[in-house]
Amino acid sequence: MAALDPHPLRGSELHRTVTAAHLQEDVRRAAVKAAAMDRVRSAFNSMVKSERYSRFTLQPAEDGERHVEVKLSDDAVEDSAGGSPSFRPAPRRQQQSTLCYLALGTLLIFLTGYLLGYLIHRKTQVEPLACGNEPKADEHPEATAGPAHPEATAPPAEVAPLPGAQMDWGDVTQLLTEKLTTEALSKTLSACDLPRRSAGSVEDKFLANHIFKEFQKVEMDPWTDIHYVQLQTPDSQRPNRVRFGADVFEPTGYLAYSATGQVQGKLVYGNYGRPQDLDVLQDKNVSLRDSVLLLRAGQISFAEQVDNAAAKGAAAVLIYPDAQDYQYRADTALYGHVHLGSGDPYTPGFPSFNHTQFPPTKSSGLPKIPAQTITANMATALLRTIGGPESDASSGFKGGLSATYRLGGGENISVEVNNVLVNKEIHNVFGVIKGFVDPDQYVVLGAQRDAWGSGYAKATVGTSVLIELAKAVSEMVEKDGFRPRRSVVFASWSAGDYGSVGATEWLEAYMSSIDKRVVTYISLDGVVVGRGSFVASASPLLYGLLENTMKGVKSSAGSDSLYDMMGASNWEAKTMRPMSINDPAYPFLAMSGVPSVSFHFISPNTEAYMYYGTDLDHKDHLDYQTNHRTSEMAATAAQFAGQMALRLVHDRLLRLDVSRYNGVLTKAVAQIYKRINQLLKSGQLKGLNPTWLNRARGAFQRATISINNDIRNSNLDDKEACRILNGRIMSVEHALLSPYVSPVETPYRHLLLGRGPHTLASIAETTDMEQLHTQLALATWNLQGCANGMVGNIWDLDEEI
């Protein structure tokens, strides 16, 4: 039996405690590994024959330090308080030798555990194991942290970031570019290409189900939004007709939401039907009262053409594609709609969930006169016998048909429109990737799914881009560790060709919350209609984001960025276009107050895609326009839309520049000043001073400066501070909606970008002095209220604001 210490022991065990406070946490934890202890045991037992290893634990000391405590037991010692009968005091020399062995053994334990732990486990962190009693988790959380399974030892590089962790923006764009490939877009384009896809049809619902399943595959928890809308279609039993002399035409194309009936009047040619075109006719003493106005398509929407004609007293409108603007077959039918608005015109201002719940009503934008499209061949026959004075070369009235462009006014023509209303069930399809910090705020990317014919450029490309973007971003979140702060919603709309019906019904259904939730709407409709140039329409709040995105996306026409391709410092003049009423993003901006953007890759020196609204909008024609690089252009468009969306959900602070509205507002107020001064000098107006409007403009400008100052002086790492700032930024667009007009009568309520007598542009042009007084006062308070809202807290307002 090995020699023991001669001094009597009160217990049956001999304790030796070695303090190792200076050890690193990973060394202490690694030292307890079973493999290391096996080796230590063997070495120790060989040195101290009768003594064996019992426990190795981490024990806390009173001073808070961690200690390694080694507990040894003697085989010959029994568990009795009074000692063992077989206890034999040993000679002192042997006792001293035992002490040396114990010291050396303890040192060996320490060195062996340290070296093995460092060499084998220096790159991992594992849960400490203990053979004895462990410290309680509430006393020492670090002793129980981490999972006790194999995944816990994976290298850090393979572990996804924790929720909310921010990936570097350069890595985000690189991942997005890698996933949005030409091959993927080509495959999806083929899957979504159908010869027919009219709203509410079997094909439309088939595509809706296809998109729903694609969203399901990437676990986006898709859902549908169902509406019951009234769409107008031709009557198969009574075709629309145009009679002119001995000629009787029955066009297959039509204009949805036209007034129905049969009218007769003098045929007059009015170019594009713009106000300046109709003024030319009046200058030539050509009467428009009760006339049938022949107009060529282009420049403005069909709805605006019909509205302008009705305002001049015309009885009906015929619209055709002129060869100067549309280089295709002269017998091509033209389709469209003439509702000066968006959504179901028979449920204006509220959603079409169930018609039986609402009293019958109509949109103020429905035309009161019949309108019909005709082919270029039909228009040629009319122009050859229209008579009247010939248009001046300087007027711009002459087109590309083989006919003399006379103004008419002498020959009668009859127009008969027999369109009928049909009830259709339409489905909007949604998918969402939820944010990790502010999931209740989201960016919406949307594309219409329907079209009059194939709609390849109008609907197929946008739908394909939507699907591939959803797949790419989902994969970035699930596999690559991307953690968006805000949510991204992907929306597929139906009945877009009838005036953004599906999208508008959704807006009307959730109007009370959308302005507080939707950060931005990005339209994917018609994103590729050519190659070599680029145009966009957007809220001024998004100009800065557009510019930065153009710098970050390469042009498919070369190695330069889109920003360089569009003239760098002069990019805004070459790229930006006013957002028109038939832009799919317009209802989001002008009706709901959501910052919105639409963009298009086009061919140089073109303004629009000539195959829209025809059966010629198919793959072959778009391939010709893109030099057979449609899939490549679609991938580039997806990258552009994706970078805009992800920037808005990635950064702490929203990339919306409130100061961009200052220039737009100053120009609009200057026009009103000019107009009022003219009226005052002429004596038409008395007792009106536009100073208050200018003061409101100054308040708005100071409010934008206040926001920018607060941004510079705030700690953007503070989540609450960022959320407050973002709330103030998001309030700007919605605050510019006039609260003084009815959304039923005047749906586009935006003070600067809307339509109606309340807008600053309309105030600068009105000839009604009473209306001028009223609308100027309302616009002043609208602008002042917007400025007050931007400041934030009511106690921060001062006398200047």
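As the structure is a computational prediction, the values presented were derived from the model and not from experiment.

Draft legend 1. Molecular detail of the overall build of the protein chain. Counting its secondary structure elements, the protein chain contains 23 helices and 19 strands. Within the protein chain, contacts between residues at least 6 apart in sequence are counted, and of these 78% link residues at least 24 apart. With the model as given, the accessible surface of the protein chain reaches about 36,200 Å², and the carbon-plus-sulfur share is 50%.

Draft legend 2. Quick look at the pattern of salt bridges. Considering all chains together, one arrives at 31 salt bridges under this definition. A salt bridge links K179 to E475; the shortest N-O distance between them is 3.0 Å. Taken together, the residues span a long stretch of sequence, with K179 in helix 4 (residues 169–179) and E475 in helix 10 (residues 456–479) at a distance of 296 residues. In this structure, K471 and E214 form a salt bridge, with 3.2 Å as the shortest nitrogen-oxygen distance. Residue K471 is found in helix 10, and its partner E214 is found in helix 6 (residues 202–217); the two are separated by 257 residues along the sequence. Judged by its relative accessible area of 28%, K471 falls in the partly exposed class. Taking relative accessible area as the criterion, E214 reaches 9% and is therefore assigned buried. Salt bridges sharing partners connect three or more residues here, namely E547, K551, E572, D657 and R660.

Draft legend 3. Representation of the packing of helix 19 (residues 661–682) against helix 23 (residues 769–791). Two elements in contact, helix 19 and helix 23, have axes separated by 13 Å at closest approach and are oriented at 150 degrees. As far as their axial angle goes, helix 23 and helix 19 are roughly antiparallel. Pair helix 19 / helix 23 crosses with left-handed handedness. Taking contact as the criterion, the partners of L665, I672, I676 and L679 in helix 19 are, on helix 23, M769, L772, L776 and L783. Across the contact of helix 19 with helix 23, the residue classes break down as eight nonpolar, no polar and no charged.

Draft legend 4. Spatial organisation of the side chain of T188. Residue position: T188 is located in helix 5 (residues 182–192). Excluding anything up to four places from it in sequence, T188 contacts S464, I467, E468 and K471.

Draft legend 5. Region of interest: the sheet that holds strand 13 (residues 408–417). Overall, mixed pairing links the seven strands, which are arranged 6-5-13-8-9-10-12 in an open sheet. A strand with exactly one partner marks an edge of an open sheet, and here the two such strands are strand 6 (247–249) and strand 12 (371–373). Looking at each pair of strands side by side, their axes are set apart by 30 degrees on average, direction ignored. Pairing analysis gives three bridges linking strand 8 (residues 261–269) to strand 9 (residues 292–296), with the strands arranged parallel. When the sheet's bridge partners are listed, Y269 is paired in strand 9 with L294. Contacts between helix 8 (residues 302–311) and the sheet are confined to strand 9, strand 10 (316–320) and strand 12, with strand 10 contributing the most and set at about 145 degrees to the helix.

Criteria and thresholds
Residues numbered from 1 in each chain as written. Predicted model: local features only at pLDDT ≥ 70, side-chain atom pairs only at ≥ 80, totals over all residues. Heavy atoms only, no water. Helix = DSSP H or I, 4+ residues; strand = E, 2+ residues; numbered from the N terminus. Contact = heavy atoms within 4.5 Å. Areas by Shrake-Rupley, 256 points an atom, 1.4 Å probe, with all protein chains shown as cover. Salt bridge = Lys/Arg side-chain N within 4 Å of Asp/Glu carboxyl O. Buried < 20%, exposed > 50% of the residue type's maximum accessible area, 1.4 Å probe, protein only. Axes fitted to C-alpha atoms, helices over the stretch in contact; angles between N-to-C directions. Parallel < 35°, antiparallel > 145°, perpendicular 65-115°, else oblique. Left-handed = near helix turned anticlockwise from the far one by under 90°. Nonpolar A, V, L, I, M, F, W, Y, C, P; charged D, E, K, R; others polar. Pairing = 2+ DSSP bridges.

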